Amino acid sequence: MPNRFPSSWRSLMATTLAGLSIVGGSALGPSLPTLPGTAALALFGPAQSARAMVAPGIHDWLADTASPPDPRSATVQEVADFFTHVSAIDSTRLAHRFPEIVGNLDGAPTTLRYTANRSRRPQLAGRQILAFDDRGDGRIVETMGDLDNADRVIVLVPGVSTGLANFDTGLGGIQRRALAWQARQLFEQARTVDRTARVAVVAWLGYNPPEGMGQEVVREDRAVSGAADLVRFVDALVLGHAERSVVVVGHSYGSTVAGLAAAHLSGQVTDVVALGSPGMGVDGIAGLHTAARVWACASPDDWIRRVPGVRVLGLGHGRLPFDPDFGALPLPCNDVEGHDGYFVPGTSSLRALAAIATNSEETDPR
């Protein structure tokens, strides 16, 4: 049988990069953009960020007599200032009239966002849904614990193929892969470590991860727009909470999002954790430009270990963070199985994450 070669350099590169990608881990992606703000153009074009997506009813929202801020351009401070000065009656009215906007508006009061999202989805009653968007693959953000009064907030950023459809059930119906389940395990473990600690855990599907093994996983344009949205979300978390500290935990491609965001995250972010990471967009912690502690681990049989930690022709996620030369603090995970077992009860990784979550010196994961 004769050899068949792709007809162009671009298709050749696409074939090669897709071959190097292993279900969401990759060696490849474009260079670090400027954040926050509009996502820089990636090699094959940028992904659309959550802020850029025009919510239904935006024109009526902007024409409302309360003069609400434009969610596409307003800062979280401007959003917060608006709700501080508007009446409670108007706030409630806006939440019920425009739940798609208020329910996803960083800077709006937490309880108002919960109310807006429950009005859209009554079946979510009893859950603290901080964002909900069922367009496309969907976005959803759920809080475990009392977010308004938490001294420490842990934000979980998921990886490839995570979407609204498997937020509760997990990719392929495997529970340990479900972001909501992972957040719940960490929250319960943190309560076990210290029941007095005022901790909240956020399952943050606030960006659109790549799907499957296609070209998207071997570049970083999804991570670029995700990083901008993560920076904005964290800015809202610390607004009005000067004493609050935040931990960002990225799993798989989610760690790439965290890495690209790191230099632009609030100084109140004390820890950034990379679990089963294909790379954080740099070749070492110095490139992250953060004062936060950086932790990393990969289980002994995590397939991510087979991903080459390189950057090629301006593409790449960089050195694998669990490589000692990267410079991250080692998180224990030798008893973890596979790529998705880091939040399984009883594992050293979950205990270590809970120690970081509670800022517990007695159970320092090192």
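Residues numbered from 1 in each chain as written. Predicted model: local features only at pLDDT ≥ 70, side-chain atom pairs only at ≥ 80, totals over all residues. Heavy atoms only, no water.

Novice: Could you give an account of the overall build of the protein, naming the residues involved and the relevant values?
Specialist: A count of helices and strands for the protein gives ten helices and eight strands. The buried share of the protein, taken over its 366 residues, is 55%. For the protein, the proportion of contacts with a sequence separation of at least 24, taken over those separated by at least 6, is 70%. (Helix = DSSP H or I, 4+ residues; strand = E, 2+ residues; numbered from the N terminus. Buried < 20%, exposed > 50% of the residue type's maximum accessible area, 1.4 Å probe, protein only. Contact = heavy atoms within 4.5 Å.)

Novice: Account for the sheet that holds strand β5 (residues 245-251), naming residues and giving values.
Specialist: One open sheet holds the eight strands; their spatial order is β1-β2-β4-β3-β5-β6-β7-β8, and the pairing between them is mixed. Because the sheet does not close on itself, it has two edges, and the strands there are β1 (128-133) and β8 (329-330). One ladder, built from five bridges, connects strand β6 (residues 269-275) with strand β7 (residues 293-297); its direction is parallel. Paired with Ala-274 across the two strands is Ala-296, which belongs to β7. (Pairing = 2+ DSSP bridges.)

Novice: Tell me about helix α8 (residues 221-238), residues and numbers included.
Specialist: In this model, α8 (18 residues) spans 26 Å end to end at C-alpha, consistent with the 26 Å of a helix rising 1.5 Å per residue. With 16 of 18 residues buried, α8 lies mostly within the body of the structure. Gly-240 sits one or two positions beyond α8 and adopts a positive phi of about 80°. (Expected span 1.5 Å × (residues − 1).)

Novice: Can you tell me about the pairing of β6, naming the residues and giving the values?
Specialist: Taken across its seven residues, β6 has six buried, putting it largely inside the fold. Regarding the hand of the β-α-β motif, the stretch spanning β5, helix α9 (residues 253-261) and β6 is right-handed. (Right-handed = clockwise from strand over helix to strand, strands pointing away.)

Novice: So what's going on with the pairing of strand β3 (residues 152-157)? Residues and values would help.
Specialist: Most of β3 is tucked away: six of the six residues are buried. Burial along β3 is two-sided: Arg-152, Ile-154 and Leu-156 facing one way and Val-153, Val-155 and Val-157 facing the other are all buried. In this sheet, strand β4 (residues 199-205) lies alongside β3 in parallel orientation, the contact comprising five bridges. Opposite Val-155, over in β4, you have Val-202 as the bridge partner. Crossover β3 to β4 through helix α7 (residues 179-193) is right-handed.

Novice: Describe the packing of α8 against α9, naming the residues involved and giving the relevant values.
Specialist: Remark: α8 packs on α9, axes separated minimally by 8 Å, with the N-to-C direction vectors making an angle of 60°. The angle between α8 and α9 falls in the class oblique. For the pair α8 and α9, the crossing hand works out as right-handed. In this structure, α8 uses Asp-221, Arg-222, Ala-223, Val-224, Gly-226, Ala-227, Leu-230 and Val-231 to contact α9, whose residues at the interface are Tyr-253, Thr-256, Val-257, Ala-258, Leu-260 and Ala-261. (Axes fitted to C-alpha atoms, helices over the stretch in contact; angles between N-to-C directions. Parallel < 35°, antiparallel > 145°, perpendicular 65-115°, else oblique. Left-handed = near helix turned anticlockwise from the far one by under 90°.)

Novice: An account of the packing of aromatic side chains is needed here, citing residue identities and associated values.
Specialist: This model, assessed by the stated rule, comprises four aromatic pairs. For the pair Trp-61 and Phe-98, a centre-to-centre distance of 5.4 Å together with 90° between the ring planes defines the contact as edge-to-face. With a gap of 37 residues between them, Trp-61 in helix α2 (residues 58-63) and Phe-98 in the loop between α4 (88-97) and α5 (99-102) connect regions that are remote in the sequence. Taken as a pair, Trp-61 and Phe-98 share a single burial class, namely buried. Ring geometry for Trp-204 and Tyr-207: centres 6.0 Å apart, planes at 10°, overall stacked. Residue Trp-204 shares its accessibility class with Tyr-207, and that shared class is buried. The structure contains a cluster of three or more aromatic residues connected by ring pairs, namely Trp-204, Tyr-207 and Phe-233. (Phe/Tyr/Trp six-rings, centres within 6.5 Å; stacked < 30°, edge-to-face > 60°.)

Novice: Would you mind going over the pattern of salt bridges in detail, with residue names and values included?
Specialist: When charged atoms on two side chains of opposite charge get close, those side chains can pair. If you walk through the whole model with that rule in mind, you get 18 salt bridges. Between Arg-97 and Asp-64 there is a salt bridge whose closest N-O contact spans 3.0 Å. Here Asp-64 lies in the loop between α2 and α3 (76-85) and Arg-97 lies in helix α4, a separation of 33 residues in the sequence. As a salt-bridge pair, Asp-134 and Arg-121 come within 2.4 Å of each other at their nearest N and O atoms. Of this pair, Asp-134 sits in the loop between β1 and β2 (139-144) while Arg-121 sits in the loop between α6 (110-120) and β1, placing them 13 residues apart in sequence. (Salt bridge = Lys/Arg side-chain N within 4 Å of Asp/Glu carboxyl O.)

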